[in-house]
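# Structural description and commentary
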Amino acid sequence: MREQLIAAERIKALEWKEGALWLLDQRVLPLNESWIECQTSVQVTQAISDMVVRGAPAIGIAAAFAVVLAARQRYQDEPHSWRSAMEEDLQQLAASRPTAVNLFWAIERMRSVLAKVPAQTSPLPLLEQAALEIYHSDREANLIMAQLGMEVIRHHCEAPQHVLTHCNTGALATGGFGTALGVVRAAYLAGLVNHVHVDETRPWLQGSRLTAWELASDKIPLTVNADSAAAHLLREGDITWVIVGADRITANGDVANKIGTYQLSVLARYHDVRLMVVAPSSTIDMQLQTGADIVIEERTADELFTVAGVQIAASVPAFNPVFDVTPAHLVDVIVTERGVVEQPTLEKMQQLMSHAALH
Ligand SMILES: CSC[C@H]1O[C@H](OP(=O)(O)O)[C@H](O)[C@@H]1O
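Everything quoted here is computed from the prediction, not taken from an experiment. (Residues numbered from 1 in each chain as written. Predicted model: local features only at pLDDT ≥ 70, side-chain atom pairs only at ≥ 80, totals over all residues. Heavy atoms only, no water.)

## A closer look at the domain arrangement of the protein chain
If you check the domain split of the protein chain, you get domain 1 (2-136) and domain 2 (144-353). For domain 1 and domain 2, the distance between their C-alpha centroids amounts to 25 Å. Listed per partner, the contact involves 33 residues of domain 1 and 39 residues of domain 2. Buried surface at the junction of domain 1 and domain 2, summed over both partners, amounts to about 3,000 Å²; 59% is from carbon and sulfur atoms. For domain 1, the biggest contributors to the area lost against domain 2 are Leu5, Ile11 and Thr99; these three give 23% of the whole. Of the charged contacts in the structure, one is a salt bridge between Arg10 and Asp218, with a shortest N-O distance of 2.6 Å. (Domains from an automatic or database assignment. Contact = heavy atoms within 4.5 Å. Buried area = accessible area lost by both parts, 1.4 Å probe. Salt bridge = Lys/Arg side-chain N within 4 Å of Asp/Glu carboxyl O.)

## Re the sheet that holds strand E14 (residues 323-326)
Read across the open sheet, the 4 strands follow the order E11-E8-E9-E14; overall the sheet is mixed. A single partner strand is all that each edge strand has here, and the edge strands are strand E11 (284-285) and E14. Packed onto the sheet, helix H10 (residues 261-270) meets strand E9 (255-258) and E14 and runs at close to 35° relative to E14. (Pairing = 2+ DSSP bridges. Helix = DSSP H or I, 4+ residues; strand = E, 2+ residues; numbered from the N terminus. Axes fitted to C-alpha atoms, helices over the stretch in contact; angles between N-to-C directions.)

## What to know about the pairing of strand E4 (residues 161-165)
Taken across its 5 residues, E4 has 4 buried, putting it largely inside the fold. In the sheet, E4 pairs with strand E5 (residues 193-199) via 5 bridges, with the strands oriented parallel. Within E5, the position partnered with His162 by the bridge is His195. Traced from E4 through helix H7 (residues 180-189) to E5, the parallel crossover comes out right-handed. Of the strand pairs in this sheet, E4 and strand E7 (residues 239-244) are connected by 4 bridges, and their pairing is parallel. Looking at the pairing, Leu164 lines up with Val242 of E7. (Buried < 20%, exposed > 50% of the residue type's maximum accessible area, 1.4 Å probe, protein only. Right-handed = clockwise from strand over helix to strand, strands pointing away.)

## Focus on H10
For H10, every residue scored as buried is listed here: Thr261, Leu264, Ser265 and Ala268. Looking down the long axis of H10, one finds its buried residues gathered within 100° of arc, a one-sided arrangement. Asp272 lies just past H10 and shows a positive phi near 60°. (Arc of directions from axis to C-beta.)

## Remarks on a nonpolar patch on the surface
The grouping of Val307, Val310 and Ile312 at the surface amounts to a nonpolar patch, some 250 Å² of accessible area in total. Turning to its location among the elements, Val310 is positioned in strand E13 (residues 310-311). (Patch = residues over 30% accessible without salt bridge, like charges linked within 9 Å, V, L, I, M, F, W, Y side chains within 5 Å. Areas by Shrake-Rupley, 256 points an atom, 1.4 Å probe, with all protein chains shown as cover.)

## Looking at the UniProt feature "binding site: substrate" (unreviewed entry) in the protein chain
The sites that carry the UniProt feature "binding site: substrate" (unreviewed entry) are, in the present numbering, Arg54, Gly55, Ala56, Arg97, Gln206, Asn257 and Lys258. Considering the arrangement of structural elements, one finds Ala56 in helix H3 (residues 56-77). The exposure class of Ala56 is buried, given its relative accessible area of 3%. Those residues in contact with Ala56 that sit more than four places away from it in its chain are Ala100, Asn102, Ala173, Ala246 and Asp247. With respect to the element layout, Lys258 can be found in strand E9. In contact with Lys258, not counting residues within four places along its chain, are Arg97, His166, Cys167, Thr201, Gln206, Asp247, Val322, Phe323 and Asp324. (UniProt positions renumbered as here; feature names shortened; annotations may be inferred.)

## Quick look at the sheet that holds strand E3 (residues 35-38)
Pairing is antiparallel across the open sheet formed by 3 strands, whose spatial order is E1-E2-E3. At either end of the open sheet lies a strand with only one pairing partner, and these are strand E1 (14-17) and E3. Averaged over neighbouring strand pairs, the angle between their axes works out to 25° when direction is ignored. Bridge analysis of E1 against strand E2 (residues 20-24) gives 4 bridges, and the strand direction is antiparallel. Each residue of the ladder has a partner; that of Glu15, found in E2, is Trp22. The sheet contacts of H3 involve E1, E2 and E3, and relative to E1 the element is tilted by about 25°.

## Observations concerning the site of the ligand
If you check the shell around the ligand, you find 18 residues, and the closest are Gly55, Arg97, Asp247, Asn257 and Lys258. A distance of 2.9 Å separates an oxygen atom of the ligand from a polar side-chain atom of Arg54. In isolation the ligand offers 410 Å² of accessible surface; the protein chains occlude 100% of this area. When residues of the shell around the ligand are traced back to their parent elements, those giving at least two are H3 and E9. The residue makeup of the shell around the ligand, split by class, is 7 nonpolar, 7 polar and 4 charged. Split by domain, the residues of the shell around the ligand number at least three in each of domain 1 (2-136) and domain 2 (144-353). (Near = heavy atom within 4 Å. Polar contact = N/O pair within 3.5 Å; in protein donor to acceptor, adjacent residues only side chain to side chain. Nonpolar A, V, L, I, M, F, W, Y, C, P; charged D, E, K, R; others polar.)

Below you can see the structure in the form of structure tokens.
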């Protein structure tokens, strides 16, 4: 199965090439495929804020390379005070988006590497190696989670299933071929999934623009539906799993994910459909006790009122939270690269996080 999954890796959200971070501009997919070259941490910070690159793991990977770019510029400009000069860059990077913990996890990971750089020594070789390791271990986590999640589906039913997914959790959101969408890909290859229902995921349309593009390129049967059609679909009865990603999972198993996930979790429980959350352990924040502590990002009204830059609604006040929190008791299973947790609780999450990390 591993070889089949590796063969399914066709799309990349980002690439570290010749000392620059190249980002596939997800704002213009699927109609245009254009890459943006980032030579500075400020450019990466702006790209994360503007959602050129998005998706919790991909944000963390981009942030890791932003630290490399910041160190390179500061070390060149101020060889005797580059460490303190970098602080401003790291604070700007940390302020780019508030909800996905992967951003902060990656910055702290890179800070720990910085602390090991001897005085009067270039930080670049160690930092670049650490950023590449973060990138490669996320890809490896995708491969592991895909197989673990597929086995969870197989455990519950051998016959091919219809599943529903929300937002984009594929290659465009990660360093590999996906978290939740990676499980969907593996389950399809194993003959356990034969149709994917894709929420369009307003207002940014990660589902209809990104997930549909990824699954179409895999030739996996799918249909896109309006987010408001999900209840009707779940009541119809041929969907057995809702499979989603996460941006931050707290110590008790509460899950912050794209807006609309919470209502899906309530609908799934009401209609006896299982909810699977798939996320690498870099998305788990054991420092936060419950989802009530998670900062929920709110974005501009423009993202509600325009599509592809064209105004489609009246200019009136708007409320545009782009994440919500699903309580742990509505989650049937969390799949990570460290293992699987059924009916998550604080004790089970603590046990999971005591298992060895990939790197
Ligand atoms: C593989 S995690 C992807 C996760 O990130 C998305 O948010 P955004 O597109 O705003 O970065 C969404 O919550 C996905 O579940």
